[in-house]
Amino acid sequence: MWSSPRGHGTSVEWELAEGRSDQAVRIHTSAMPCAVVRTVEQCDITGLVTDMQELAEAADGDLSAKLRPLTVAYAAWIAELEARRAGEPDLADYADALVQVVARAREVLGRLEDGIALLAANKDARDAFRFANRAMWQQRVRSVWIEARKAEPAKPLAEVDIPKNRSWRAFQLAFILINLPGLTSLGHPDRGTGPYAGADLLWFPTGGGKTEAYLGLAAYTMAVRRLQRNAGGRDGENGVAVLMRYTLRLLTLQQFQRAATLICACEQIRLGDTVTWGETPFRLGLWVGRKTTPNRTAQSAEVVEALRSGRRPVFGVGSPHQFAACPWCGAAIDPGQHIIVEHYPAGRARTLIYCGDARGQCEFSRRKSPDEGLPLLVVDEEIYRQPPAMLIATVDKFAQMAWQGSVQTLFGQVTGWCPRHGFRSPELEDTNSHQAAGRFSATVTRPHALLRPPDLIIQDELHLISGPLGSLVGIYEGAVDQLATWEVDGKKVRPKVIASTATVRRAAAQVSALFNRQVRVFPPPGLEAGANFFSRELPVSDAAPGRLYVGVCAPGRRLKPALIRVYVAALAAGQTLYEKYGEAADPFLTAVGYFSSLRELGGMRRLVDDDVRSLLTQIGSRGLKRRNLRLPHAVEELTSRKSATEIPEVLERMKCKFPPFGQKALKPPIDVLLATNMLSVGVDVGRLGLMIVAGQPKSTSEYIQATSRVGRASPGLVITVANWSRPRDLSHFESFCHYHATFYRQ
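Numbers given to residues run from 1 along each chain, matching the order in which its sequence is written. Reporting of local features is limited, given that this is a predicted model, to residues whose pLDDT is at least 70; pairs of side-chain atoms are given and counted only at 80 or more, and all residues count toward the totals for whole chains, interfaces and linings. Heavy atoms throughout the structure, all of them, feed into the side-chain values; hydrogens and water do not.

Draft legend 1. Structural context of the sheet that holds strand S5 (residues 198-203). Should DSSP find at least two bridges between two strands, the strands are regarded as paired. Secondary structure elements follow DSSP: runs of H or I no shorter than four residues count as helices, runs of E no shorter than two count as strands, and numbering proceeds from the N terminus. With respect to topology, eight strands assemble into an open sheet ordered S10-S7-S11-S6-S16-S19-S5-S20, the strand pairing being parallel. Only two strands of the sheet have a single partner each, and these edge strands are strand S10 (376-377) and strand S20 (518-522). Both strand S16 (residues 456-460) and strand S19 (residues 496-501) contribute to a ladder of five bridges, which runs parallel. From the neighbouring strand, Asp460 faces S19, where its bridge partner is Ser500. Packed onto the sheet, helix H13 (residues 507-515) meets S5, strand S6 (242-246), S16, S19 and S20 and runs at close to 130° relative to S20. For this analysis, residues touch if any pair of their heavy atoms sits within 4.5 Å. Helix axes use the C-alpha atoms of the stretch in contact, all axes being lines fitted to C-alpha atoms, and the angles between their N-to-C directions lie in the range 0 to 180 degrees.

Draft legend 2. Up close: the sheet that holds strand S22 (residues 547-553). Reading across the sheet, the seven strands line up as S3-S22-S27-S26-S23-S25-S24 and stay open at both edges, with mixed pairing between neighbours. Strand pairing shows two members of the sheet lacking a second neighbour, strand S3 (34-37) and strand S24 (635-638), which therefore form its edges. This sheet shows a mean twist of 20° between the axes of neighbouring strands, independent of strand direction. As paired strands, S3 and S22 are joined by four bridges and run antiparallel to one another. If you follow Cys34 over to S22, its bridge partner there is Val550. Across the sheet, helix H17 (residues 700-707) is in contact with S22, strand S23 (591-594), strand S26 (690-694) and strand S27 (716-722); its angle to S26 comes to roughly 155°.

Draft legend 3. The pattern of salt bridges, seen in detail. When a carboxyl oxygen of Asp or Glu is within 4 Å of a side-chain nitrogen of Lys or Arg, the pair counts as a salt bridge. Using the criterion set out here, one finds 48 salt bridges in the structure. In this structure, Asp200 engages Arg520 in a salt bridge whose closest nitrogen and oxygen atoms are separated by 3.1 Å. With Asp200 in strand S5 and Arg520 in strand S20, this pair connects stretches of sequence that are 320 residues apart. Considered together, Asp200 and Arg520 belong to a single accessibility category, that of buried residues. Residue Glu305 is joined to Arg308 by a salt bridge in which the shortest nitrogen-to-oxygen separation is 3.4 Å. In this pair, Glu305 and Arg308 are both assigned in helix H9 (residues 297-309), three residues apart and thus about one turn of the helix distant. Think of it in three bands: with a 1.4 Å probe and only protein chains considered, a residue is buried below 20% of the maximum accessible area for its type, exposed above 50%, and partly exposed in between. Residue class for Glu305 comes out partly exposed when judged on its relative accessible area of 36%. On the basis of relative accessible area, Arg308 is assigned to the partly exposed category, the value being 39%. Because the salt bridges share partners, they merge into one network encompassing Asp60, Lys123, Arg126, Asp127 and Arg130.

Draft legend 4. H9, seen in detail. In this model, H9 (13 residues) spans 18 Å end to end at C-alpha, consistent with the 18 Å of a helix rising 1.5 Å per residue. Of the surrounding secondary structure, the elements contacted by the buried residues of H9 are helix H10 (335-338), strand S8 (339-342), strand S9 (350-353) and helix H11 (380-385). The positive-phi residue at the C-terminal boundary of H9 is Gly310, with phi of around 80°. Here, expected helix span is obtained from the residue count minus one, scaled by 1.5 Å.

Draft legend 5. Just the nonpolar core, in detail. Counting 103 residues, the largest nonpolar core has Tyr74, Phe129, Tyr220 and Met390 as its most contacted members. In terms of residue count, the dominant contributor to this core is helix H6 (residues 210-227) (11 residues). Ignoring sequence-local partners within four residues, the contact set of Tyr74 consists of Ala105, Val108, Leu109, Leu112, Pro524, Phe533 and Phe534. We call a set of buried Ala, Val, Leu, Ile, Met, Phe, Trp, Tyr and Cys residues a nonpolar core when their side-chain atoms join them within 4.5 Å. Of all hydrophobic cores here, the second largest spans 30 residues; its members include Leu563, Ala591, Met604 and Ile719.

Draft legend 6. Summary view of the environment of Ala554. If you trace the backbone, Ala554 turns up in the loop between S22 and helix H14 (559-581). Along the primary structure Ala554 and Pro447 are separated by 107 residues, whereas in three dimensions their C-alpha atoms are 72 Å apart. Residues in contact with Ala554, not counting those within four places in the same chain, are Ala562 and Trp724.

Draft legend 7. Structural context of the pairing of S5. Among the six residues that make up S5, five are buried, leaving the element largely enclosed by the rest of the structure. Note that S5 and S20 share five bridges and pair parallel. Bridge pairing in S20 places Leu201 opposite Val521. Sheet analysis places S5 next to S19, joined by five bridges and oriented parallel. When the bridges of S19 are listed, Trp203 appears paired with Thr501.

Draft legend 8. A look at the environment of Arg234. Along the chain, Arg234 turns up in the loop between H6 and S6. Sequence separation of Arg234 and Glu487 is 253 residues, and the distance between their C-alpha atoms is 9.7 Å. Beyond its immediate stretch of four places on either side in the chain, Arg234 contacts Arg229, Phe411, Gln413, Leu450, Leu451, Arg452, Pro453 and Trp486.

Draft legend 9. Layout of the side chain of Glu461. By the secondary structure assignment, Glu461 is in the loop between S16 and helix H12 (467-483). Positive charges come from Lys and Arg, negative ones from Asp and Glu, while His and the chain ends are left out of the count. The buried charged residue Glu461 lacks any salt bridge, with Arg709 as its nearest oppositely charged partner at 5.2 Å.

Draft legend 10. Structural view of a nonpolar patch on the surface. A surface patch of nonpolar side chains, amounting to about 210 Å² of accessible area, comprises Val36, Val540 and Leu548. By relative accessible area, which is 49% here, Val540 ends up partly exposed. In this analysis, a patch consists of residues with relative accessible area above 30% that form no salt bridge, clustered at 9 Å for like charges and at 5 Å for the nonpolar side chains Val, Leu, Ile, Met, Phe, Trp and Tyr. Reported accessibility uses the Shrake-Rupley method at a 1.4 Å probe radius. Residues are deemed covered only where the shown protein chains occlude them.

Draft legend 11. A look at unusual backbone geometry. Residue Pro345 follows Tyr344 across a cis peptide bond; omega there is 5°. If you trace the backbone, Pro345 turns up in the loop between S8 and S9. For the peptide bond that leads from Phe522 to Pro523, omega is -5°, which places it in the cis range. Relative to the elements of secondary structure, Pro523 occurs in the loop between S20 and strand S21 (535-537). At Arg229, a residue that is not glycine, the phi angle is positive and equals roughly 55°. Summarising the element assignment, Arg229 is placed in the loop between H6 and S6. Of note, the phi angle at Glu461 is positive, near 50°, even though the residue is not glycine. Since its relative accessible area comes to 7%, Glu461 is described here as buried.

By themselves, these figures tell us nothing about what the structure is for.
And the structure:
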């Protein structure tokens, strides 16, 4: 039985026998152990159409044929598993596990076939599927175009509208297909009551594309709900269709920006065919704490006026300015010019956010969309009055259910409709009639049917819902589940639940405790730890270098002096590469420092400003190039100390590359970024390639998520500096190689 070696006050490395994973031929101590987490390659399936444009424009009779190669290839893979089970003697000891692997794979195959059969038989499903593909096609292409325009402002949209930028990955398309029946049929077992309803957990390594998978499902859900009209006597055109929940403020803001482009695409499709998709705009809501966004329209007006006049922000109140640029075209949004607040009762009690396109060519500019602007709602009161099709929230916001009666509108409980201000609720300020005011005619409140409650609940980064937070979320989840349950033909219908994560343990128990549902992990595993049907780990090579982890531990020395020397060495080495190779060294020019607490980060911030800067000017005697950190732009932090308006600015600066050596940058890039666990989820900046971790993070999931922020589009280097006086840090350092080879199992 293989037992991994470990050091005592040092670490251990070994060389395996050729072709074996359980036998070493050489073991030696290592003061700076190294481990590589290999690159995961997505598998291509011959004949499967993954181009979103082609699927969006496919005729009724062609859609199934374009998707059928997926089930054919998956069935062949299952047959291969069964053949290996019978033909490889080494697998005999794992007979029970093999039976489970094959059974799970066959279950997925059956669900894939059901999804494709649904598209062949159900017109609403076909139309909604094409809608989702068209919306995601526009979302992906627009996102790529906006990034490209930062370097080349005149770049045409058509140049990036190519299959490479608008294609699904196979696992994304498969995940959508297996969930179509549960989102289309209100009588599906996944929508029923009791603990036997299913919840699908999307498990894939960080950076693999989970976000696009559930955004595609969200687009389908919004579309099929509109096509089903007033099912069960509830209004399906209005109300919240998709509820997306996150645990951290930064993650919520990042996903809000991604989802905004999708909603803009949905709205453009609707405007092109209002007969099919209804008169109510597709909108996106951001429902978070008061320090991030305003609770009331009056507060929003105060903040906008302060921004317009240059006064200090209103204390304790967030800003409606959550976008530095338009999510549809990338034009800058100036809160003083492009955010307008209409007051109650003369106006619509709305905060309107317009694209800042100076020529008014964007579809969401004030010239082209004067009454709506960008389809975004960022003020709580306005979200209650106009429940958006998709709502993004933090999990703690649901504590408002016990104190704020207006939250009931998010679950379809409305008492009427005011043509000027939206839906009525006993706790929302409004009257039964309004006199004419300006361009608004006199209005009278009208009776209105209850709205359909959310059909899809998405819980991202499920592994963060644990400990005390998990206990509280579980309590509120019972209320959410009850409020989102409604009756159709005498049968209770619950929302479909999906979750995603890159690191999860005891998923079945966690999902059962939180959602009272049975978990189904997708994609199911194969016979090898690093491979399944949809992906496999690649051997380390120049084409697939993976992410290199290096351990550093200095027994007898305090952590701060060790960190100073690591920072100086890493920054000076980056400068040496920069002067030799130019722009190719960009991933290693921004050093990301990761800390488990603000106290430790604050101490390092002072050391970077003083000791590190000073030593970098003297490093020439050690054979490395000198580097000058120009304050205050050279050092930045990403922590809870940053306000909601500062965070998007920091994220944009993180994307700024260093110019060719010898040239001056248009915007000063970041040399050192100091961050806490705010960085560990949701941040997707492809250029980052270097991270220095101070001490071992408190959990393996946090460590995986944090270090996965680097090496996404380039080779990644993670230097973990262990504190020898902490037994846990020392233990991880002594078994450094084994820990990193198995940390997805932790």
